[in-house]
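Here is what each chain is made of, one letter per residue.
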Number of protein chains: 2
Amino acid sequence: MKEKFKVTPWEVSGKIDYDKLIKEFGVSKIDESLLKRIEKHTGELHFALRRKLFFAHRDLNWLLDEYEKGNKFFLYTGCGPSGPLHLGHLGTWIFTKWLQDKFGVELWFQFTDDEKFLFKDKSYEEIQKWTSENMLDVIALGFDPKKTHFLIDTKHASLLYPEAIKVAKRLTFSTVKAAFGFNDSRNVGEIFYTSMQAVPAFLPSVIEKKKIPCLIPLGIDQDTHFRVSRDIIPKLGYYKPAIIHGVFLPPLTGIESKMSSSNSDMAILTTDSPKEVEKKIKKYAFSGGRDTIEEHRKKGGNSDIDVSFQYLRMFFEPNDEKLAQIENDYKSGNLLTSELKEILIKKINEFLAEHQKKREKAKKEIDKFIFKTK
Amino acid sequence: MKEKFKVTPWEVSGKIDYDKLIKEFGVSKIDESLLKRIEKHTGELHFALRRKLFFAHRDLNWLLDEYEKGNKFFLYTGCGPSGPLHLGHLGTWIFTKWLQDKFGVELWFQFTDDEKFLFKDKSYEEIQKWTSENMLDVIALGFDPKKTHFLIDTKHASLLYPEAIKVAKRLTFSTVKAAFGFNDSRNVGEIFYTSMQAVPAFLPSVIEKKKIPCLIPLGIDQDTHFRVSRDIIPKLGYYKPAIIHGVFLPPLTGIESKMSSSNSDMAILTTDSPKEVEKKIKKYAFSGGRDTIEEHRKKGGNSDIDVSFQYLRMFFEPNDEKLAQIENDYKSGNLLTSELKEILIKKINEFLAEHQKKREKAKKEIDKFIFKTK
């Protein structure tokens with residue numbers, strides 16, 4: 001029996017077959033030669049690349065061609081503010097910051113408050129509150145304020161909407177319908193919205209009045225937006241944006257689907273206390289261990305389905321040797337699930353202690369990040 | 001055989017049966033008692049009301065109830081900038097100015113540059129050029145700059161878009177499809193657009209943080225936008241806007257359809273020279289006269305289908321007695337078509353000489369009219 005999975009910008013469910021997604025979406029796998037090419041510029045490879053957490057791309061070779069010719073790109077990523085952020089959100093942005101640091105490039109960061117208001121059963125005011133909250137988490141990750149520009153769709157609409165209608169004019173409902181699986185009962189804001197998400201991919205070119213290459217790091221669920229707009233952007237006179245696609249951090253309950261803050265018990269939030277982290281991991285983190293300690297010692301655990309191990313692999317243990325050691329110990333039965341969980345809890349709480357300190361400091365820094373129109 | 005006609009915001013064709021439109025659109029006829037009620041406040045009736053050029057309404061009695069309770073309304077009308085303006089455009093705005101003067105109220109004037117860009121095969125730059133040009137004509141009509149606020153959809157998007165998405169969230173494609181006759185090949189900007197046109201009907205209430213009644217004077221072809229949004233606006237916490245509907249000034253070629261600047265020979269443009277006006281009226285203005293002078297003297301002309309007479313009735317001869325005299329003379333055969341045309345040409349050129357002088361002066365006044373966000 002085939003397992004069914006679904007990946008759209010607004011729903012991710014089931015056990016995701018990333019190889020199948022590569023084919024379906026028509027993106028390219030990041031192969032060893034491309035990794036080598038990146039390493040040539042960055043000096044080392046981020047573990048998210050080594051471990052193929054960023055596993056696919058569109059036009060990354062072209063982007064590096066341009067870069068090697070001296071044509072610097074900018075980065076564009078974003079956040080849909082509809083609730084508290086969790087570790088799954090941070091992964092893409094931490095990797096984005098690494099790209100910013102290694103390539104020394106500008107980053108445009110879009111907060112799609114319009115999207116979340118239009119797609120979620122939440123009030124405008126609530127979405128605005130989460131926009132402010134989520135900005136703190138992004139700032140806390142340490143982006144360079146001189147090179148990082150926040151765009152908030154509603155606040156920057158005078159900048160974004162005039163460009164969005166240029167995208168919209170070339171995009172029919174038929175296309176949007178097919179790409180996103182919409183029907184006629186969708187609201188007209190949802191139907192228009194992808195035009196707004198397209199804009200930051202060429203806005204710096206509009207502002208600078210010259211064509212600048214763009215690289216978009218994103219979770220692969222967001223690819224559909226750009227599959228639609230990448231065909232349109234060159235017709236407006238700008239480069240097709242390059243994309244680098246990431247996998248999803250799974251929820252606590254198991255390695256299917258993706259972490260979501262709709263149920264805060266299933267996600268580690270950036271604002272969780274050490275106690276909450278401990279409780280969540282101990283109570284909910286799906287274990288690849290055996291039913292009894294005896295059996296575990298004898299047969300060992302299954303790290304592939306163990307959420308705690310996967311969080312170490314995907315987020316908290318950048319050192320490959322240490323990770324291999326933990327995996328071997330777990331598989332051989334030397335390391336019990338409870339011990340594995342303790343390792344993870346300690347790592348998460350160290351990370352969050354630091355993050356929450358920076359998040360507090362970020363309250364005074366928001367203004368430095370919000371893009372100022374002249 | 002039934003005559004077919006079509007009235008949508010983007011197409012008006014055929015011989016319009018206004019009584020049928022009243023039924024189809026579900027609006028109310030302006031009756032004598034309502035005219036008396038208006039006259040009580042204005043002291044006199046504008047000829048556009050006396051002659052039923054503004055002939056229908058929605059909730060005008062409610063608006064006057066509120067006004068009589070001391071709850072002042074504001075006016076909202078607009079312009080779709082896609083080409084030079086013609087007399088047909090000015091009619092609604094001259095009447096709007098009369099309302100502003102008589103009731104002493106604020107006017108919000110929307111320039112829907114996004115709409116025209118999305119619906120017309122014209123470049124963004126061309127639409128921007130026409131926006132600037134059209135603003136001059138509006139200013140030339142003498143609106144009070146202290147009480148008149150221009151909103152340009154793209155420039156004021158930071159003000160309009162956040163409110164438009166609140167409308168959009170409650171508006172499905174099914175509804176828009178049915179109301180405007182769209183199909184799936186429409187672009188997503190066209191589908192979203194009516195949300196932007198809804199906003200000025202409640203924006204002053206948003207800004208002032210209190211519910212303010214709104215009266216929209218418009219050509220009846222624009223009614224569809226508000227038929228859709230009037231149901232939504234109260235759900236956002238504001239009053240349903242009242243509307244007063246005008247007939248269309250016919251093109252030079254005959255009393256069907258409406259004047260349009262797509263073919264500049266069929267319209268009197270605000271920038272036409274006296275020579276152009278003379279040529280257009282003489283060459284194109286459809287005549288209700290007879291084939292020969294002899295026949296005309298004997299049987300008289302038909303003022304109902306005579307475009308020159310209709311322009312006098314609808315625009316250039318506010319004096320009822322003088323108009324009746326001209327009509328009688330024409331019907332009796334005393335007045336020839338060529339003589340009627342001379343009367344009109346003189347009137348138009350007097351009006352345009354003054355208008356063009358004010359239009360030139362308006363170039364220095366644009367800034368006073370464009371709404372400043374705090």
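Below you will find a few notes about this structure. (Residues numbered from 1 in each chain as written. Chains lettered and ligands numbered in written order. Predicted model: local features only at pLDDT ≥ 70, side-chain atom pairs only at ≥ 80, totals over all residues. Heavy atoms only, no water.)

### Some thoughts on the packing of aromatic side chains
Thought 1: All chains considered together, the criterion is met by 61 aromatic pairs over all chains.
Thought 2: Ring centres 5.3 Å apart and planes at 70° place the aromatic pair Trp 93 of chain A and Phe 109 of chain A in the edge-to-face group. Here Trp 93 of chain A, found in helix 5 (residues 87-103), pairs with Phe 109 of chain A, found in strand 6 (residues 107-111); they are 16 residues apart in sequence, far enough to count as distant. Here Trp 93 of chain A matches Phe 109 of chain A in class, with each residue buried.
Thought 3: Where Phe 119 of chain A meets Phe 182 of chain A, the ring centres are 6.2 Å apart and the plane angle is 45°; that geometry is what we call tilted. Of the two residues, Phe 119 of chain A is situated in helix 6 (residues 113-119) and Phe 182 of chain A in the loop between helix 9 (173-180) and helix 10 (188-198); the sequence distance between them amounts to 63 residues.
Thought 4: Among the residues examined, Phe 119 of chain A registers a relative accessible area of 18% and is labelled buried.
Thought 5: Classification of Phe 182 of chain A as buried rests on a relative accessible area of 4%.
Thought 6: Members of the aromatic cluster, connected to one another through ring pairs, are Trp 93, Phe 109, Phe 111, Phe 143, Phe 150 and Phe 369 of chain A.
Thought 7: The cationic tip of Arg 227 of chain A hangs over the ring face of Phe 25 of chain A; the distance from NZ or CZ to the ring centre is 4.4 Å.
Thought 8: The ring of Trp 130 of chain B carries the charged tip of Lys 129 of chain B above its face, separated from the ring centre by 4.2 Å. (Phe/Tyr/Trp six-rings, centres within 6.5 Å; stacked < 30°, edge-to-face > 60°. Helix = DSSP H or I, 4+ residues; strand = E, 2+ residues; numbered from the N terminus. Buried < 20%, exposed > 50% of the residue type's maximum accessible area, 1.4 Å probe, protein only. Lys NZ or Arg CZ within 6 Å of the ring centre and 35° of its normal.)

### Side note on the relation of the copies chain B and chain A
Both copies of the chain are related through a single rotation about an axis accompanied by a shift along the same axis.
Thought 1: Of the transformation superimposing chain B on chain A, the axial component is 0.0 Å and the angular component is 180°, with the fit at an RMSD of 0.0 Å. Accordingly, the operation relating the two chain copies is best matched by a two-fold axis.
Thought 2: Comparing contact sets, 100% of the residues at the interface of chain B also lie at the interface in chain A, consistent with an isologous, same-surface contact. (Least-squares fit on C-alpha atoms with pLDDT ≥ 70 in both. Contact = heavy atoms within 4.5 Å.)

### Digging into the pairing of strand 6 (residues 107-111) of chain B
Residues and elements named next belong to chain B.
Thought 1: Along strand 6, five of the five residues are buried, which leaves the element largely enclosed by surrounding structure.
Thought 2: Of the two faces of strand 6, the one carrying Leu 107, Phe 109 and Phe 111 and the one carrying Trp 108 and Gln 110 are both buried.
Thought 3: Here strand 5 (residues 74-79) pairs with strand 6 via five bridges, running parallel. When the bridges of strand 6 are listed, Thr 77 appears paired with Phe 109.
Thought 4: Handedness of the crossover joining strand 5 and strand 6 through helix 5 (residues 87-103): right-handed. (Pairing = 2+ DSSP bridges. Right-handed = clockwise from strand over helix to strand, strands pointing away.)

### Some points on the sheet that holds strand 8 (residues 214-219) of chain A
Residue and element names in this part refer to chain A.
Thought 1: The seven strands lie next to each other as 3-4-9-8-5-6-7, forming an open sheet whose pairing is mixed. At either end of the open sheet lies a strand with only one pairing partner, and these are strand 3 (28-29) and strand 7 (148-152).
Thought 2: Pairing between strand 8 and strand 9 (residues 242-246): five bridges, direction parallel. Looking at strand 9, one finds that Ile 216 is bridged to Ile 243.

### Overview of the pairing of strand 4 (residues 54-58) of chain B
Residues and elements named next belong to chain B.
Thought 1: Most of strand 4 is tucked away, with five of its five residues classed as buried.
Thought 2: In this sheet, strand 4 lies alongside strand 3 (residues 28-29) in antiparallel orientation, the contact comprising two bridges. If you follow Lys 29 over to strand 4, its bridge partner there is Ala 56.
Thought 3: Looking at chain direction, strand 4 and strand 9 (residues 242-246) are connected through four bridges and run antiparallel. For His 57, the partnering residue across the bridge sits in strand 9 and is Ile 244.

### Examining unusual backbone geometry
Thought 1: Even without being a glycine, Lys 209 of chain A presents a positive backbone phi close to 55°.
Thought 2: With respect to the helices, strands and loops of the structure, Lys 209 of chain A is situated in the loop between helix 11 (203-208) and strand 8.
Thought 3: Of note in the backbone geometry, Asp 59 of chain B takes a positive phi value of approximately 60° without being a glycine.
Thought 4: On the basis of relative accessible area, Asp 59 of chain B is assigned to the partly exposed category, the value being 32%.

### Some remarks on the interface of chain B and chain A
Interface size, as often reported, equals the accessible area lost upon joining of the parts.
Thought 1: At the junction of the two partners, chain B supplies 35 residues and chain A supplies 35 residues.
Thought 2: Regarding the contact of chain B and chain A, the summed buried area is about 2900 Å², with carbon and sulfur atoms giving 66% of it.
Thought 3: Ranking the residues of chain B by area buried against chain A places Tyr 161, Lys 169 and Val 188 of chain B at the top, with a combined share of 26%.
Thought 4: The interface formed by chain B and chain A includes two salt bridges.
Thought 5: Among the salt bridges present, the one from Asp 184 of chain A reaches Lys 177 of chain B, with a minimum N-O distance of 2.5 Å.
Thought 6: At the boundary of chain B and chain A, one finds 23 residue pairs in polar contact (both at pLDDT 80 or more).
Thought 7: Among the secondary structure elements, those contributing two or more residues to the side of chain B that touches chain A are helix 6 (113-119), helix 8 (157-168), helix 9 (173-180) and helix 10 (188-198) of chain B.
Thought 8: Class assignment for the residues of the side of chain B that touches chain A results in 15 nonpolar, nine polar and 11 charged. (Buried area = accessible area lost by both parts, 1.4 Å probe. Salt bridge = Lys/Arg side-chain N within 4 Å of Asp/Glu carboxyl O. Polar contact = N/O pair within 3.5 Å; in protein donor to acceptor, adjacent residues only side chain to side chain. Nonpolar A, V, L, I, M, F, W, Y, C, P; charged D, E, K, R; others polar.)

### As for the sheet that holds strand 6 of chain B
Residue and element names in this part refer to chain B.
Thought 1: With mixed pairing, seven strands are arranged side by side in an open sheet as 3-4-9-8-5-6-7. In the strand order of this sheet, the two ends are held by strand 3 and strand 7 (148-152), each with one partner.
Thought 2: Sitting on the sheet, helix 1 (residues 18-25) is in contact with strand 3 and strand 4, with an inclination near 5° to strand 4. (Axes fitted to C-alpha atoms, helices over the stretch in contact; angles between N-to-C directions.)

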